[in-house]
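Summary of structural features
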Amino acid sequence: MLLLPTHTVTVLTKPEPTRDRQNNRIVDWSTAARTAYKGRTEPLSSSETVQQNDQVITYLTCFLPPSAAVTEYDRAEVDGVTYEVDGKPEVQSGYGPLAVLAYKRVVLKEMTG
């Protein structure tokens, strides 16, 4: 629920792919449209894999206003860290007097290593 926003979440809308010198499709995230929302984030999980190199995968649950323009192809920045949107965002809507408690739930993922 979005009752107490704790962070500014900046959504980076995926830009249209372009072509590099070898004619490969690439996405230049530096040209992404940026939209800031007040939201709430909560840690979901974090795990470490040790094989040939160390890798840490961190997940956050992010609660945004239901009108937030975010898709499964976008990215989001929270506290200076860039995350990928993991899966489709879900809108939770209340009915009647509880409609003011509606929110959009987005799972964010960061991989390091």
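The shown structure was predicted, so the numbers you read here are calculated from the model rather than taken from an experiment. (Residues numbered from 1 in each chain as written. Predicted model: local features only at pLDDT ≥ 70, side-chain atom pairs only at ≥ 80, totals over all residues. Heavy atoms only, no water.)

1. So, the environment of Val81
Looking at the element boundaries, Val81 is found in strand β7 (residues 81-85). With relative accessibility at 27%, the residue Val81 sits in the partly exposed group. Expressed as a C-alpha distance, the spacing of Val81 and Ser47, which sit 34 residues apart in the sequence, is 17 Å. The residues contacting Val81, other than those within four sequence positions of it, are Ala76 and Glu110. (Helix = DSSP H or I, 4+ residues; strand = E, 2+ residues; numbered from the N terminus. Buried < 20%, exposed > 50% of the residue type's maximum accessible area, 1.4 Å probe, protein only. Contact = heavy atoms within 4.5 Å.)

2. A closer look at the confidence of the model for the protein chain
Model confidence for the protein chain is summarised by a mean pLDDT of 88, while 97% of its residues fall at 70 or above. Within the protein chain, no element has a lower average pLDDT than strand β4 (residues 33-50), which sits at 87, and none a higher one than strand β6 (residues 75-78), at 96. (pLDDT = per-residue confidence, 0-100.)

3. Examining the packing of aromatic side chains
According to the stated counting rule, one finds one aromatic pair in the structure shown. Arranged with centres 5.3 Å apart and planes meeting at 75°, the rings of Phe63 and Tyr103 form a pair that is edge-to-face. On the criterion of sequence distance, the pair formed by Phe63 in strand β5 (residues 54-64) and Tyr103 in strand β9 (residues 103-112) is long-range, its members being 40 residues apart. Note on accessibility: Phe63 and Tyr103 belong to one class, buried. Between Arg40 and the ring centre of Phe63, over which it is positioned, the NZ or CZ distance is 4.8 Å. (Phe/Tyr/Trp six-rings, centres within 6.5 Å; stacked < 30°, edge-to-face > 60°. Lys NZ or Arg CZ within 6 Å of the ring centre and 35° of its normal.)

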